Amino acid sequence: MLGRLNHVAIAVKDAEKAAKIYGAGFGAEISPAVPLPEHGVITVFVTLPNTKIEFIQPLGEESPIAKFLERNADGGIHHICYEVSDIIASRDTLVREGARVLGDGTPRIGAHGKPVLFLHPKDFSGALVEIEQA
Ligand code: CO
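Residue numbers restart at each chain and count upward from 1, following the sequence in its written direction. In view of the model being predicted, local features appear only for residues whose pLDDT reaches at least 70, and side-chain atom pairs are presented and counted only at 80 or more, with totals across whole chains, interfaces and linings using the full set of residues. As a rule here, side-chain values cover all heavy atoms of the structure and leave hydrogens and water aside.

1. Topic: the coordination of the cobalt ion
Metal sites are built from N, O and S donor atoms within 2.8 Å, or 3.2 Å for Na, K and Ca, and they leave out water, so they may look incomplete. His-7 (NE2), Glu-54 (OE), His-79 (NE2) and Glu-130 (OE) make up the full set of protein donors to the cobalt ion, lying at 2.1 to 2.4 Å. The geometry test gives tetrahedral to four donors whose angles all lie between 85 and 135 degrees, gives square planar to four donors and octahedral to six donors whose opposite members are over 155 degrees apart with all other angles between 65 and 115, and gives irregular to the rest. Coordination geometry of the cobalt ion: the 4 donor atoms subtend angles of 86 to 173° at the metal centre, consistent with an arrangement described as irregular. Donor residues for the cobalt ion sit on one chain with the sequence pattern H-x46-E-x24-H-x50-E. Separated by 72 residues along the polypeptide, His-7 in strand 1 (residues 2-11) and His-79 in strand 6 (residues 76-84) bring together distant segments of the chain. The buried category is assigned to His-79, whose relative accessible area is 4%. In this description a helix means any DSSP run of H or I spanning at least four residues, a strand means any run of E spanning at least two, and both kinds are numbered starting from the N terminus. Think of it in three bands: with a 1.4 Å probe and only protein chains considered, a residue is buried below 20% of the maximum accessible area for its type, exposed above 50%, and partly exposed in between.

2. Let's talk about the pairing of strand 4 (residues 41-47)
The element strand 4 is largely enclosed, with a buried count of 6 among its 7 residues. Note that strand 3 (residues 34-36) and strand 4 share 3 bridges and pair antiparallel. Among the inter-strand pairings, Val-34 is bridged to a residue of strand 4, identified as Thr-43. Any two strands with at least two DSSP-identified bridges between them are counted as paired. Here strand 3 folds back onto strand 4 in antiparallel fashion, the turn holding 4 residues, of which Gly-40 has a positive phi close to 70°. Pairing geometry for strand 4 and strand 5 (residues 52-58), over 7 bridges, is antiparallel. The residue bridging Ile-42 from the neighbouring strand is Gln-57, located in strand 5. Following strand 4, the chain reverses through 4 residues before pairing antiparallel with strand 5.

3. Concerning the layout of surface pockets
Looking at the largest pocket, its volume works out to about 550 Å³. Of all the secondary structure elements, the ones that give two or more residues to the lining of the largest pocket are strand 4, strand 5, strand 6 and strand 8 (115-119). By residue class, the composition of the lining of the largest pocket is 13 nonpolar, 10 polar and 4 charged. Each pocket or cavity is described by its volume, and for the second largest pocket that value is around 160 Å³. Site definitions follow a grid-based scheme: protein atoms alone, a 1 Å grid, a 1.4 Å probe that fits but cannot get out for cavities, and for pockets an open set with protein on both sides within 12 Å along at least five of seven lines, plus lining residues having an atom within 4 Å of a point. Grid points are joined across faces, edges and corners, and a volume is the space filled by probe spheres set on the points. In this classification, the charged set is Asp, Glu, Lys and Arg, the nonpolar set is Ala, Val, Leu, Ile, Met, Phe, Trp, Tyr, Cys and Pro, and all remaining amino acids, among them Gly, are polar.

That is the geometry; function is a separate question.
Below is the structure:
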């Protein structure tokens with residue numbers, strides 16, 4: 001079942017720098033920068049009352065967001081993340097309905113220590129979608 005909007009991710013060249021204005025300008029809570037080598041990104045989270053903003057910065061040569069930043073040099077919205085109550089059941093239903101799962105379809109551990117999967121933007125109106133086990 002589709003749950004809460006967990007976060008909106010914005011790809012940038014410098015995640016800490018990008019998050020700064022949310023702290024200084026809005027008084028928002030900013031997380032420390034956390035490297036996620038398995039995902040090829042460094043993340044900084046801004047906490048809002050109802051969701052989060054995830055700034056992602058490339059980590060390593062093979063970063064999956066490197067190409068995105070070549071096309072969007074100033075950064076840009078990269079994906080949205082929805083919570084689901086059962087990620088395996090959601091995956092199987094989505095695939096049955098014709099949605100494509102990126103990678104080999106096996107959930108990986110995401111930024112919050114929970115299993116995540118990414119879904120093809122062509123099947124979601126041009127938006128890259130991440131689903132996270134609630
Ligand atoms: Co994300």
